[in-house]
Amino acid sequence: MNAWNPLIILNVIKEMKKTGLVGAGTMGQGIILTAAIGGCDVFVFESNDGVIEKAKKNIQKFFDKEIAKTNLTPEQASGLNTKIHYVKNINELFSCDIVIEAIVENLEAKQELFKQLSSIVSDSCILATNTSSLSVTSIASVVNLPERFIGIHFFNPAHIMKLVEVIPAIQTSESTVEKTKEYITYCRKLPVLAKDTPGFIVNRIARPYYGEAIKIYEEGIAKVEDIDFAMTEIGFKMGPFALMDFIGHDINFNVTEIVYNSFYQDPRYRPSFTQKRLLEAGYLGVKSERGFYSYSTNSQKPTPTISSDIAKKISNRILVMLINEAADALYLNVASRDDIETSMTKGVNYPKGLLRWADEIGILTCVQQLDQLYNEYHDMRYRCSPLLRKLASTNQKFF
Ligand SMILES: NC(=O)c1ccc[n+]([C@@H]2O[C@H](COP(=O)([O-])OP(=O)(O)OC[C@H]3O[C@@H](n4cnc5c(N)ncnc54)[C@H](O)[C@@H]3O)[C@@H](O)[C@H]2O)c1
């Protein structure tokens, strides 16, 4: 967000949308900014007064930084700030066109909230959850008129990350899907459509980036800094261990565990003891100054010592597992080919779409590498997606 174009802001304001936001924590604050900058009036309900004060400060800090760094004027910033209304009573969300929920990740709490909300707002109001890991369908099941219920999954920080996953519940109507995509586009974000399955698109396809890297480390093939080096060498901005430290092991392990259990313990998503132990020790990563690496003031990152041959083998193994996951998501209609590519390049900044990458490497080569891993480990974790096998046998590509 380097340049502010007041004309764009004015145009979007014409399409005025009244947005309700419940839960002004980490994600809520980014969503408030997204909606306000997109031209919406935002009505915020948060149950903890301390969090509201924090949200106000953080939002002001964001605008101050933008004023210093970009062509946003103080008048424009204050105009945007006046679009944010903090309400004391949830009933004040009654006239919203859309209400987005970003409260604690707990099914009962979310269901309770939506039961209440569906009796407050009008029948045409879209109700949306920002859940990362719960079934959107199960939340929709308690909503009055569940056809207007949908998942809108932002990425952290929500006001910076372009990608937004749109997840219809099985009860959601086509018109709610279309209106939601339109709303997200108004807010200058990039919507992709995902099936209501664990991890949706990004949190499912990205799992091997962490899981396979940890397995390689556990097998003693290479040290964390060597594996990180191998992945940055093929274009990833951060190696898997540095990235897990950055995300926080509490969050990253939790997502892995939820995806694993939601898939009925599919070995492809199996969590690791290595990461569990870090969590138990309180080594959460950057935020606790200790994770796979140390982040205390005097510590230095170890230098990689890996040969280029081994680095290549490691990056091939992780990459082919990512490709397999992307292919399987396509095979199971979790998302379209193009939305899968967009999700991984815009949601987690992968250097290339995984399906295009598979085409470049050669589909047959990917299949052979996966079969080799399967033969070595006899672990269903390495089973090749039927789609990859089919494309290889008919000499086809994804694109
Ligand atoms: N943090 C992430 O990286 C991330 C990314 C995508 C999605 N999500 C999802 O977004 C949601 C919020 O996550 P977060 O990290 O912002 O959590 P958070 O703990 O930072 O914020 C949640 C806020 O909701 C408030 N709250 C709880 N119950 C409430 C209620 N009934 N009414 C009003 N306010 C209430 C809490 O006081 C808290 O301030 C979760 O569902 C999470 O899975 C998180």
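What you are looking at is a predicted structure, and each value in this text was computed from that prediction instead of being measured.

Reading guide: rules and limits
Here the residue index of a chain counts from 1 through its sequence in written order. Residue-level local features of this predicted model are given only where pLDDT is at least 70; pairs of side-chain atoms are given and counted only at 80 or more, and the full residue set underlies all totals for whole chains, interfaces and linings. Side-chain measures were taken over the full set of non-hydrogen atoms in the model, leaving aside hydrogen atoms and water. Only protein atoms enter the 1 Å grid used here. Points where a 1.4 Å probe fits but cannot escape make up a cavity, open sets with protein on both sides within 12 Å along at least five of seven lines make up a pocket, and a residue lines them when an atom lies within 4 Å of a point. Grid points are joined across faces, edges and corners, and a volume is the space filled by probe spheres set on the points. Secondary structure is summarised from DSSP: a helix means a run of H or I of at least four residues, a strand means a run of E of at least two, and numbering begins at the N terminus for each. Classification used: nonpolar for Ala, Val, Leu, Ile, Met, Phe, Trp, Tyr, Cys and Pro, charged for Asp, Glu, Lys and Arg, polar for all others including Gly. Domain start and end points were adopted from an automatic or database domain assignment. Only heavy atoms enter the contact rule, under which two residues are in contact if any of them lie within 4.5 Å. Put simply, buried area is how much 1.4 Å-probe accessible surface two parts lose in total, over both of them, once they are put together. The term salt bridge refers to a side-chain nitrogen of Lys or Arg lying within 4 Å of a carboxyl oxygen of Asp or Glu. A 3.5 Å cut-off defines polar contacts: any pair of N or O atoms within that distance qualifies, except that in protein one atom must be a possible hydrogen donor and the other a possible acceptor, and neighbouring residues in sequence count only when both atoms are side-chain atoms. Multiply 1.5 Å by the residue count of a helix minus one, and that product is the helix's expected span. Here's how the labels work: a residue is buried when its accessible area is under 20% of the maximum for its type, exposed when over 50%, partly exposed in between, all with a 1.4 Å probe on protein chains only. In this context, the arc is that of the directions from the helix axis out to the C-beta atoms. At least two DSSP bridges between two strands are needed for those strands to be called paired. Note on handedness: a clockwise path from strand one over the helix to strand two, with the strands aimed away from the viewer, defines a right-handed crossover. To qualify as a nonpolar core, a set must consist of buried Ala, Val, Leu, Ile, Met, Phe, Trp, Tyr and Cys residues joined through side-chain atoms within 4.5 Å. In this description, a line fitted to the C-alpha atoms serves as the axis of each element, helices being fitted only across the stretch in contact, and the angle between N-to-C directions of two axes falls anywhere from 0 to 180 degrees.

Visitor: Help me understand the layout of surface pockets, please; the structure alone is not making it clear to me.
Guide: Empty space among the atoms becomes apparent when a probe as large as a water molecule is rolled across them. Approximately 1500 Å³ is the volume attributed to the largest pocket. Along the wall of the largest pocket there are 45 residues; nearest its centre are M27, F155, N156, I247 and I251. Among the elements of the structure, α2 (26-37), β6 (149-154), α8 (202-205), α9 (207-218), α11 (240-247) and α12 (249-262) are those that each provide at least two residues to the lining of the largest pocket. Here the lining of the largest pocket gets six residues from one element, more than from any other, and that element is α12. Tallied by class, residues from the lining of the largest pocket come to 23 nonpolar, 15 polar and seven charged. Looking at which domains feed residues into the lining of the largest pocket, each of domain 1 (6-193) and domain 2 (204-393) gives three or more.

Visitor: Where do I start with the environment of T129 in this structure?
Guide: Along the chain, T129 turns up in strand β5 (residues 126-129). The spacing of T129 and K110 is 19 residues in sequence and 8.2 Å in space, taken between C-alpha atoms. Residues in contact with T129, not counting those within four places in the same chain, are E101, K110, F114, V136, I139, F149, I150, G151 and I152.

Visitor: Would you take a moment to explain the domain arrangement of the protein for this structure?
Guide: In many analyses, interface size is given as the accessible surface area lost on bringing the parts together. Along its sequence, the protein is carved into domain 1 (6-193) and domain 2 (204-393). Listed by partner, the interface residues are seven residues for domain 1 and eight residues for domain 2. Contact between domain 1 and domain 2 buries roughly 710 Å² in total, counting both sides, with carbon and sulfur atoms accounting for 66%. Our count for the contact surface shared by domain 1 and domain 2 stands at zero salt bridges. At the junction of domain 1 with domain 2, the criterion picks out one residue pair in polar contact (both at pLDDT 80 or more). Counting residues per element, the side of domain 1 that touches domain 2 draws most heavily on strand β8 (residues 190-193), which supplies three residues. Residue composition of the side of domain 1 that touches domain 2, by class: six nonpolar, one polar and no charged.

Visitor: Would you mind showing me how to read helix α3 (residues 49-69) here?
Guide: A turn of α-helix holds 3.6 residues, and therefore any two residues three or four places apart point the same way. For α3, spanning 21 residues, the distance from its first C-alpha to its last is 30 Å, which sits close to the expected 30 Å at 1.5 Å a residue. Within the span of α3, buried status applies to I52, A55, I59, F62, F63 and E66. Seen along its axis, α3 keeps its buried residues to an arc of 90 degrees; they face one direction. Relative to its buried face, α3 has exposed residues pointing more than 90 degrees away, namely D49, K54, K57, K61, K65, A68 and K69.

Visitor: Would you take a moment to explain empty space enclosed by the protein for this structure?
Guide: A full pass over the atoms with the stated rule returns one cavity of 30 Å³ or more. As for the largest cavity, its lining consists of 16 residues, of which R207, Y210, G211, T256 and R270 are closest to the centre. Considering each element in turn, the lining of the largest cavity owes the most residues, six residues, to α9. Residue classes in the lining of the largest cavity are distributed as six nonpolar, five polar and five charged.

Visitor: What should I look at first to understand the pairing of strand β7 (residues 163-168) in this one?
Guide: Taken residue by residue, a regular strand's side chains alternate between the two faces of the sheet. Burial runs high along β7: five of the six residues are buried. Sheet topology places β6 next to β7; five bridges connect them, and they run antiparallel. Across the sheet, the residue bridging to I150 is P168, located in β7. Both β7 and β8 contribute to a ladder of four bridges, which runs parallel. In the strand pairing of β8, E165 is matched with V192. For the handedness criterion, the β-α-β arrangement of β7, helix α7 (residues 174-186) and β8 is classed as right-handed.

Visitor: Would you take a moment to explain the nonpolar core for this structure?
Guide: Among soluble globular proteins, nonpolar side chains are generally buried collectively. With 85 residues, the main nonpolar core has L93, L354 and F398 as its most contacted residues. Among the elements that make up this core, the one with the highest residue count is helix α14 (residues 308-331) (12 residues). If we skip the residues at most four places from it in the chain, F398 touches A327, L330, R337, L355, A358, D359, I363, L387, L388 and L391. I37, L72, A77 and I126 belong to the second largest nonpolar core, which has 35 residues in total.

Visitor: Is there a simple way to explain the sheet that holds β7 in this structure?
Guide: Two strands in a sheet stick together by hydrogen bonds in their backbones, pointing the same way (parallel) or opposite ways (antiparallel). Reading across from one edge, β3-β2-β1-β4-β5-β6-β7-β8 is the order of the eight strands in this open sheet, with mixed pairing throughout. Every other strand in the sheet has two partners, leaving β3 (84-86) and β8 as the edge strands with one partner each. Each strand of the sheet is rotated relative to its neighbour by a mean of 25 degrees, with strand direction disregarded. With four bridges connecting them, strand β4 (residues 98-101) and β5 associate as parallel partners.

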